[in-house]
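Okay, here's what each chain looks like letter by letter:
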Amino acid sequence: MEPIHHEQEIAAPLLIAKVDDDDDYVSTHRPSSSSSEILHGGGRGGGEPSHSNSNSNSNSDFDNNNSPIEQVALTVPVTDDPNLPVLTFRMWVLGTLACVLLSFLNQFFWYRKEPLSITAISAQIAVVPLGHLMAATITDRVFFKGTRWEFNLNPGPFNVKEHVLITIFANSGAGNVYAIHIVSAVKIFYKKNLTFFVSLIIVITTQVLGFGWAGMFRRYLVEPAAMWWPHNLVQVSLFSALHEKEKRPKYGLTRNQFFLIAFVCSFAYYVFPGYLVPMLTSLSWICWIFPTSILAQQLGSGLHGLGLGALGFDWSSISSYLGSPLASPWFATANIAVGFVLVMYVITPLAYWLNVYQAKTFPIFSDGLFTSTGQKYNISAIIDSNFRLDIDAYEREGPLHISTFFAMTYGVGFACLTSTIVHVLLFHGREIWGLSKGAIQEKKVDVHTRLMRRYKQVPDWWFACILLLNIAATIFACQYYKEQLQLPWWGVLLACGLAISFTLPVGVITATTNQTPALNVITEYIIGYIYPGRPLANMCFKVYGYISMKQGLAFLQDFKLGHYMKIPPRTMFMAQVVGTLVAALVHLGTAWWVMDSVPDICDTAALPAGSPWTCPSDHVFYDASVIWGLIGPRRIFGDLGPYSAVNWFFLAGAIAPLLVWLAHKAFPSKQWIRLITMPVLLGAIVNMPPATAVNYTSWIIVGFMTGFVAYRYHRNWWKRHNYVLSGALDAGLAFMGVLLHLCLGLNHIRLDWWGSGLDGCPLASCPTAQGVVSVDNHCPIL
């Protein structure tokens, strides 16, 4: 990684809010761009957070009147109008509608081969004309005038704060409810009974439990300026584009005009990868040159191989697993690129061609479960009548094997876990300790935190009550429905302990890099050792220990969005609670309906050719429940298993950030060393599988073009259009994706020609060991 320098001064218009020493007076005047201050910053020009040095008066003004993070300073307004109505009738109607629709659509598309993720940005855009329509047509009559119950259905023009709260509702529905994986695994893969009521308890408690962790760590992950949550800048930029009246620059476009053009282009273009030419999802051109070579197709396949040279010209392929590359700061993108190259093009090929763990007996890239001879493992044969492991049957069937790549991804997951803890202690330990002692000095509080002090904060006891009630409800459910859930009461408390321990270190990484290190591996590992042979207990423990933490981070991200947009915290809290409950109900209801209405859903052997209902993420979740829950880590990664050496990755992950820290101390002038974030680098492939090589290669290329090239050499364009473009691409894809499904997918109208294939590399998943008969009939026997 090369050091990044930017020697020129930065000139950027700022919006100035005046805050006096007592923080009681806030000026809501927004100066025109002509009266804006000129900043002289020391930005590194590479997309990473840039903190100004106080070398001049201008820099001092920058520190006092805006965020020290340059991307935030260029994007987030520093004004506030506390008199804008927020909890309005149209906010409740449009917010609930957006939450319900996004919950339904995201859960519906989640079971498909290329899951279409419809982000809250789509709702953010769609509700604008509806909001203005309601403001123009609904009566402005005041009801119960003069009483304490006085209210007005139409308090005035549709405003940005209402819009933000509607988007918070939409955010609740935009995220996938991870606990539904449990329902899918039990009902579809294990074919066991799990009632709707028990499923609902799991879904609601895991979703709402995150409020407890969010409340505990607000002070550390929302108020400090250094915790800037890059993804929020996409939505902030879009709010500005949709609500500000901007004068069109000469020979240029306003941000609204730019958004509309990009949206229409994205909408129109997606008909090609979404229907006409699905091969655009992964153009694996090496396979076309060598149609009979297994080696060439292993190297070149973007979906089943290493993806060398494979490119995806499909925004859903680019953004489906890693999020929008336009929202990722360049230093985080660079860390992911290095980690991806290290695992995909160094570790995996070496392990495979050196035949580590009989690698050639299995596909080079697979999440399947195999016997020692490369055949599909018969999982149902090793489960007894009590839904536990039948040890005698397992001894007869033989040990379970996985592809070497799959084993390496678990190893890198181990390393990511320990590196997260060590990295945060080394690089953020002093700051966290200072916050813990209450030593938040005024000079470290940016303008956004000062502006938010005029509003009543959410009392800690609100979060504490939600936390305690959810823990109590979870323990009751696990005890009362013990036969269905298998998890004992102490397992719930242990899972909560893990979630508390990792929310802060993982939150620091997420808030500064836009990437979230996964905690699922350690939760599976711990309960798998303590309580083996019970797959449902393992799944529940993972969801309570990992997903409740992840949900807490989602709440904190929304808190930061409200922080940037100056939404009263209590109002934010109310919208989040209602949105979360609505989303949980709709997600579960949709999943239940889809599982009952689609024949042979998730069964790739029984589904007709080309069927989209292959459930890639549910397959990975099910495989993990077999590895960690049914069979247990001791028989896979422990002293009784074939992959015990993978545990050394724990030690490697702990040492890696220490080496970076020592290098930073030895060469303090080399600022680029500090930007090596080992949890992000090691966690680069956390989404593989189900994510594939082409998802990463395309994402990295786009991230380089926007996060480095555009940010460094075309700063003014980046400032005005980068996040707006990201929102337009998301929205255009979502609307066309839904339209294609409603008009063509539901009627089973599809094209069948050469461009309909997703990859064109049928030999990529073939084993290369002598005499191995593949599970795929098209593979030759070598």
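Keep in mind it's a predicted model, so treat the numbers as computed, not measured.

Rules used in this analysis
Residues numbered from 1 in each chain as written. Predicted model: local features only at pLDDT ≥ 70, side-chain atom pairs only at ≥ 80, totals over all residues. Heavy atoms only, no water. Helix = DSSP H or I, 4+ residues; strand = E, 2+ residues; numbered from the N terminus. Buried < 20%, exposed > 50% of the residue type's maximum accessible area, 1.4 Å probe, protein only. Contact = heavy atoms within 4.5 Å. Salt bridge = Lys/Arg side-chain N within 4 Å of Asp/Glu carboxyl O. Core = buried A, V, L, I, M, F, W, Y, C linked by side-chain atoms within 4.5 Å. pLDDT = per-residue confidence, 0-100. Expected span 1.5 Å × (residues − 1). Arc of directions from axis to C-beta. Disulfide = S-S within 2.5 Å. Phe/Tyr/Trp six-rings, centres within 6.5 Å; stacked < 30°, edge-to-face > 60°. Lys NZ or Arg CZ within 6 Å of the ring centre and 35° of its normal. Axes fitted to C-alpha atoms, helices over the stretch in contact; angles between N-to-C directions. Parallel < 35°, antiparallel > 145°, perpendicular 65-115°, else oblique. Nonpolar A, V, L, I, M, F, W, Y, C, P; charged D, E, K, R; others polar.

> Just checking my understanding: could you explain the overall build of the chain for this structure?
The secondary structure content of the chain amounts to 29 helices and four strands. Residues counted as buried form 60% of the 782 residues belonging to the chain. Excluding contacts between residues fewer than 6 apart, the proportion of contacts in the chain whose partners are at least 24 apart in sequence is 78%.

> Would you mind going over the side chain of K560 with me for this structure?
Along the chain, K560 falls in helix α22 (residues 535–565). Non-local contacts of K560, meaning those with residues more than four positions away in its chain, are made with V222, E223, P224, M227, W228, W229 and N232.

> What exactly am I supposed to notice about the pattern of salt bridges here?
Between side chains of opposite charge, a pair can form as their charged atoms come close. All told, the structure shown has six salt bridges when counted by the stated rule. Where E524 meets K542, a salt bridge forms, and the shortest distance between an N and an O atom there is 2.7 Å. Of the two residues, E524 is situated in helix α21 (residues 520–530) and K542 in helix α22; the sequence distance between them amounts to 18 residues. Relative accessible area serves as the criterion here: at 1%, E524 is assigned to the buried category. Across the pair D639 and R634 runs a salt bridge, and its minimum N-O distance is 2.9 Å.

> Sorry, what's going on with the nonpolar core here?
Most often, soluble globular proteins have nonpolar side chains that are buried together. In this structure, Y111, I182, L221, L400, I402, I627 and F637 are the most contacted members of the largest nonpolar core, which totals 216 residues. When residues of this core are assigned to their parent elements, the largest contribution, 17 residues, is made by α22.

> I tried to follow the confidence of the model for the chain on my own but got confused; where do I start?
Reading predicted coordinates in detail is not appropriate for stretches of low pLDDT. Averaged over every residue, the pLDDT of the chain is 81; the share at 70 or more is 88%. Here helix α1 (residues 57–65) stands out as the least confident element of the chain, with mean pLDDT 46; helix α28 (residues 693–713) is the most confident, with 92. Residue range residues 438–443 is modelled with pLDDT below 50. Its contacts to residues more than four positions away, or to other chains, number eight contacts.

> I keep staring at helix α9 (residues 255–269) and nothing clicks. Help me out?
A turn of α-helix holds 3.6 residues, and therefore any two residues three or four places apart point the same way. If you check α9, its first and last C-alpha atoms are 21 Å apart, about what 15 residues at 1.5 Å a residue would give, namely 21 Å. Among the residues of α9, those classed as buried are R255, F258, F259, A262, F263 and S266. Viewed along the axis of α9, the buried residues span an arc of 130°, placing them on a single side of the element. Elements that come into contact with the buried residues of α9 comprise α4 (120–137), α8 (232–243) and α29 (715–745).

> Would you explain the state of the cysteines in this entry?
Here is the idea: a disulfide is a covalent bond, and it sits between the sulfur atoms of two cysteines. Throughout the structure, instances matching the rule amount to two disulfides. Covalently, C287 is tied to C761 through a disulfide, its sulfur atoms 1.9 Å apart. Note on the C287 and C761 pair: the S-S dihedral is about 105°, so by sign convention the disulfide is right-handed. Remark: C761 occurs in the segment after α29 and C287 occurs in helix α11 (residues 285–289); sequence separation between them is 474 residues. With respect to class, C287 is no different from C761; both count as buried. What pairs with C602 in a disulfide is C615, and their sulfur atoms sit 2.0 Å apart. Its S-S torsion of about -75° marks the bond between C602 and C615 as left-handed, since a negative value means left-handed. With a gap of 13 residues between them, C602 in the loop between α23 (569–597) and α24 (616–631) and C615 in the loop between α23 and α24 connect regions that are remote in the sequence.

> Sorry if this is basic, but what is going on with the packing of aromatic side chains here?
Any pair of aromatic rings gets described here by the distance separating the centres and the angle formed by the planes. This structure, assessed with the given rule, holds 52 aromatic pairs. Between the aromatic rings of F108 and W613, the centroid separation amounts to 5.4 Å while the plane-to-plane angle is 80°, which identifies the pairing as edge-to-face. Residue F108 is located in helix α3 (residues 89–110), and its partner W613 is located in the loop between α23 and α24; the two are separated by 505 residues in the primary sequence. On the accessibility criterion, W613 (12% relative accessible area) is buried. What links up through ring pairs into an aromatic cluster is the set Y357, F406, Y410, F414, Y525, Y529, W628, F637, Y643 and F650. For the cation-ring pair, K187 lies above W592, with the distance from its terminal atom to the ring centre recorded as 4.2 Å.

> Is there a simple way to think about unusual backbone geometry in this case?
Phi is mostly negative for residues that are not glycine, and the peptide bonds are mostly trans. Cis geometry marks the peptide bond from P689 to P690; its omega dihedral reads 10°. Examined against the element boundaries, P690 turns out to sit in the loop between α27 (678–682) and α28. The phi angle at Q486 is positive, at roughly 70°, despite the residue not being glycine. With respect to the element layout, Q486 can be found in the loop between α19 (482–485) and α20 (489–513).

> I keep staring at the environment of M688 and nothing clicks. Help me out?
Looking at where M688 falls in the secondary structure, it is placed in the loop between α27 and α28. Here M688 falls in the buried class, since its relative accessible area comes to 3%. Between the alpha carbons of M688 and T409 there is a distance of 7.3 Å; along the sequence they are 279 residues apart. Once you skip the residues sitting within four places of it in the chain, M688 turns out to touch F340, M344, F365, F405, T409, A693 and Y696.

> Would you mind going over the packing of helix α6 (residues 180–189) against α24 with me for this structure?
The interhelical angle for the contact between α6 and α24, taken along N-to-C directions, is 80°, at an axis separation of 9 Å. On the basis of their axis angle, the class for α6 and α24 is roughly perpendicular. Facing α6, whose interface residues are H181, I182, S184, A185 and F189, α24 presents S617, D618, H619, F621 and Y622. Class assignment for the residues of the contact of α6 with α24 results in five nonpolar, four polar and one charged.

> Is there a simple way to think about the environment of W462 in this case?
With respect to the secondary-structure elements, W462 resides in helix α18 (residues 460–480). For the pair W462 and G212, spaced 250 residues apart in sequence, the C-alpha separation works out to 8.9 Å. In this structure, W462 is in contact with R570 and F573, ignoring residues within four places of it in sequence.

> Could you clarify how one ought to interpret the environment of P249 in this entry?
Relative to the elements of secondary structure, P249 occurs in the loop between α8 and α9. Once residues lying within four places of it in the same chain are set aside, the contact partners of P249 are T254 and R720.

> I would appreciate a short explanation of α8 in the present structure.
Taking 1.5 Å of rise per residue, the twelve residues of α8 would be expected to cover 16 Å, and the 17 Å separating its terminal C-alpha atoms lies within 8% of that figure. The complete set of buried residues in α8 reads N232, L233, V234, Q235, V236, S237, L238, F239, S240, A241 and L242.

> Please clarify how the side chain of S617 should be interpreted in this entry.
Within the secondary structure, S617 sits in helix α24. When residues no more than four places from it in sequence are discounted, the contact partners of S617 are W110, H181 and P690.

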